Amino acid sequence: MNRLGAIAARSQYELFYPAQRRPTLAQDIEITRQQDSWYCKPATAIRVSTWTEAPRGQTTRYTHPIVGNDQLARERGLPVTVTTGAEDGPTLLLIAGEHGNEYENIVALQETLQSLDPAALKGRVVGVHCCSLDSYLNRTRVAKIDGQNLARCYPGKADGTLTERVAYTLQNDFLGQSGSHKPVCLVPLHTYGPGMLGATLSGYNIYPDDPELTEAQRSASLATGLPLVWGHEFDASHAAAAPLGDDASGRTALYAAFLAGVPAIYWETTWGMRGEEEYKRGLLRLMVHFDMLAGTNEAIVAREQIESVGHGAGNMASHNQAPCEGLWRPTVQIWDRVKMGDLLGEIRNLYGEPLAQIRAMRAGVVIALSRMQYIVQGAQCGIVV
Ligand SMILES: [Zn+2]
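We now turn to the structure provided with this report. Keep in mind that what you see is a predicted model, and the values were worked out from it rather than measured.

## A look at the coordination of the zinc ion
Okay, step 1: Each protein donor to the zinc ion is listed here as His99 (ND1), Glu102 (OE), Glu102 (OE) and His190 (ND1); together their distances run 2.1 to 2.4 Å.
Okay, step 2: One can describe the site at the zinc ion as irregular: its four donor atoms subtend angles covering 56 to 148 degrees at the metal.
Okay, step 3: Sequence positions of the donors to the zinc ion reduce to the motif H-x2-E-x87-H. Residue His99 is found in the loop between β3 (87-95) and α5 (104-115), and its partner His190 is found in the loop between β5 (183-188) and β6 (196-198); the two are separated by 91 residues along the sequence.
Okay, step 4: Look at His190 and you get buried, because its relative accessible area is 8%.

Encoded structure:
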């Protein structure tokens, strides 16, 4: 969908769901905080904030402790770099490694922070190099110690599992700050993971009851210059009622940012396709967008700008799942436009006989595909939005 298409999708949404007919979508931040039994007021929960004390005009590196003073929390502390400009200004919070088997995001963050000149920066850039150190050390998507997906555990729990405590630490010590330390934007940097290929993406939640926050996220995404910009409706009250860690909970870092009243955009890219270069350019463009670096961004129009409405619109894991295991043979490519029911590919046995056909569950653009492989049952074959 092009820009006009996205606008059409938005007004279509407003047509079907005028504000007074959306009683179940309680997306007000204060209401959501009250609904979420895990949310704590940061004023009582912030324990340590070394990065807020970092001297101006220099780069500071340290290990941020995870809540809970046990050996495991000490061993899995968060590696943080904060580059603080000579002049005060906005705080940009960048996090990588929520999933330990994704690497281009970590590399892009390292190299972006290394390239920053504190003298040229207004405000501060805070980079958490790897949030789920346990999954990184084990080369897995989720933490090995507790089997939990950090990107579904916010706002976390002070006395919970290691992953829940990491979420709690990020929610409070980083997102929960106030004044100029309150982030102007959070960017959780990801990749599609080792099994998927996809278009480099800046994504954001659409909060129907908070058009201002939604617009801040949309305009930040468009400023990145990434080729795909995708907004999807998000039901915060559903996340607030879901258990911590559940895959369909919606308890992502974007939700954590929502609880903190902070705009957030997340990025995805493919391994081995120089996505880290797109990320590095995008991060610098974001700093210009927020007036943290001088200059103006050269205009770049996204190749596709898409907005999806409906509950769960952004949950990629629910798209086009494999009904059985077998050899996955995709028949479409990234960026292809498909109609509902179009063939995306087939799952075969070793004689080349089809075991299952995967057809698009909706019309749209193919933004990601599973790479050709012996696919497991339940894996997502492709994402059409
Ligand atoms: Zn990820």
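That was the structure; now back to the text.
## Notes on the pairing of strand β14 (residues 354-359)
Regular strands have side chains that alternate between both faces of the sheet.
Okay, step 1: As defined by bridge partners, strand β13 (residues 343-348) adjoins β14 across five bridges and the pair is classed as antiparallel. In the strand pairing of β14, Leu343 is matched with Arg359.
Okay, step 2: With antiparallel pairing between neighbouring strands as the criterion, β13 and β14 make up a hairpin whose turn holds five residues, including Gly352 at a positive phi of roughly 85 degrees.

## As for the side chain of Gln171
Okay, step 1: Locating Gln171 in the fold gives a position in helix α7 (residues 162-174).
Okay, step 2: The exposure class of Gln171 is buried, given its relative accessible area of 3%.
Okay, step 3: Within polar-contact distance, the side chain of Gln171 engages the backbone oxygen of Ala256 at 3.0 Å.
Okay, step 4: Here Gln171 is in contact with Tyr39, Tyr154, Pro155, Gly176, Ala256, Leu259 and Ala260, once residues within four sequence places are set aside.

## Describing α7
Okay, step 1: Between its first and last C-alpha atoms α7 spans 17 Å; for 13 residues at 1.5 Å apiece the expected length is 18 Å, and the two agree.
Okay, step 2: Summarising burial for α7: 13 of the 13 residues are buried, a large majority.

## What to know about empty space enclosed by the protein
Okay, step 1: This model, assessed by the stated rule, comprises two cavities of 30 Å³ or more.
Okay, step 2: In this structure, the largest cavity encloses a volume near 60 Å³.
Okay, step 3: Forming the walls of the largest cavity are Ile66, Arg76, Cys131, Ser132, Leu133, Asp134, Ala143, Leu150, Leu162, Thr163 and Val166.
Okay, step 4: At the level of secondary structure, the elements contributing two or more residues to the lining of the largest cavity comprise α6 (133-137) and α7.
Okay, step 5: Sort the elements by how many residues they give to the lining of the largest cavity and α7 lands first, with three residues.
Okay, step 6: Taken as a whole, the second largest cavity spans an internal volume of roughly 40 Å³.
Okay, step 7: Breaking the lining of the second largest cavity down by element, the ones donating at least two residues are β3, α7 and α10 (253-260).
Okay, step 8: Across the lining of the second largest cavity, the residue classes tally to nine nonpolar, no polar and no charged.

The rules we used
- Residues numbered from 1 in each chain as written.
- Predicted model: local features only at pLDDT ≥ 70, side-chain atom pairs only at ≥ 80, totals over all residues.
- Heavy atoms only, no water.
- Donors = N, O, S within 2.8 Å, 3.2 Å for Na, K, Ca; no water.
- Tetrahedral: all angles 85-135°; square planar, octahedral: opposite > 155°, others 65-115°.
- Helix = DSSP H or I, 4+ residues; strand = E, 2+ residues; numbered from the N terminus.
- Buried < 20%, exposed > 50% of the residue type's maximum accessible area, 1.4 Å probe, protein only.
- Pairing = 2+ DSSP bridges.
- Polar contact = N/O pair within 3.5 Å; in protein donor to acceptor, adjacent residues only side chain to side chain.
- Contact = heavy atoms within 4.5 Å.
- Expected span 1.5 Å × (residues − 1).
- 1 Å grid on protein atoms, 1.4 Å probe; cavity = no way out; pocket = protein on both sides within 12 Å on 5 of 7 lines; lining within 4 Å.
- Points joined across faces, edges and corners; volume = space filled by probe spheres on them.
- Nonpolar A, V, L, I, M, F, W, Y, C, P; charged D, E, K, R; others polar.

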